[in-house]
Amino acid sequence: MKKLIPVLFILILAMIFTACGNDEMKIEDCKWEMGRVLSLEESGKIVAVGENEEGEKPVKMTLTANNGELILKDSTKNETYKGAYEEMVVTDEPNDYKIYLDGKEGYAVIAENEESETALVMSVQGYDLYFYAE
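Residues numbered from 1 in each chain as written. Predicted model: local features only at pLDDT ≥ 70, side-chain atom pairs only at ≥ 80, totals over all residues. Heavy atoms only, no water.

A. Examining the packing of aromatic side chains more closely. Within the structure shown, the criterion is met by one aromatic pair. With 5.9 Å between their ring centres and 75° between their planes, Tyr-85 and Tyr-97 make a pair best called edge-to-face. Placement of Tyr-85 in strand β6 (residues 79-87) and of Tyr-97 in strand β7 (residues 96-101) is noted, with a sequence separation of twelve residues between them. Across the pair, Tyr-97 and Tyr-85 agree in class, each one buried. Its end group placed over the ring of Tyr-130, Arg-36 keeps NZ or CZ at 5.1 Å from the ring centre. (Phe/Tyr/Trp six-rings, centres within 6.5 Å; stacked < 30°, edge-to-face > 60°. Helix = DSSP H or I, 4+ residues; strand = E, 2+ residues; numbered from the N terminus. Buried < 20%, exposed > 50% of the residue type's maximum accessible area, 1.4 Å probe, protein only. Lys NZ or Arg CZ within 6 Å of the ring centre and 35° of its normal.)

Quick look at the structure:
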């Protein structure tokens, strides 16, 4: 049992440092490239992937944010979508957002994934959109 305590302590510290790695990143800090889109109505089925991901239906979409305005550019269809965002105070982290796209309200959060990539995950209109910092 005494040998297990230091191992648990190290694991807990590792989780804390991993979770806190992007605390200061904000949505405005970079340009975001779409990785994949999941349908919440179809139990998380992947319905589109970014051009750098493997799978069907590749889409080149980027997201930029500045002064409360979101701009999504779909280069595959040559379309631009505009929306808005505002920072939410849900936790002490500065990376939770309420978003508005096409008249619909949704939410977004910045986090690290398993590969230590910084991701922006947006949930809106029955879909989860995963973007990665360029």
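B. Region of the structure containing unusual backbone geometry. The backbone of Ser-43 sits at a positive phi, close to 55°, despite the residue not being glycine. Positionally, Ser-43 belongs in the loop between β1 (32-39) and β2 (45-50). Accessibility expressed as a relative area gives 74% for Ser-43, which makes it exposed. Even without being a glycine, Gln-125 presents a positive backbone phi close to 55°. Its place among the elements puts Gln-125 in the loop between β9 (118-124) and β10 (127-133). Residue Gln-125 is classed as partly exposed on the basis of its relative accessible area of 38%.

C. Seen up close, the side chain of Ser-39. When you line up the elements, Ser-39 lands in strand β1. Looking at Ser-39, its side chain comes within polar contact range of the main-chain nitrogen of Glu-41, at 3.4 Å. With residues near it in sequence (within four places) discarded, Ser-39 still touches Gly-44, Lys-45, Val-47, Gly-126 and Tyr-127. (Polar contact = N/O pair within 3.5 Å; in protein donor to acceptor, adjacent residues only side chain to side chain. Contact = heavy atoms within 4.5 Å.)

None of this, on its own, says anything about what the molecule does.
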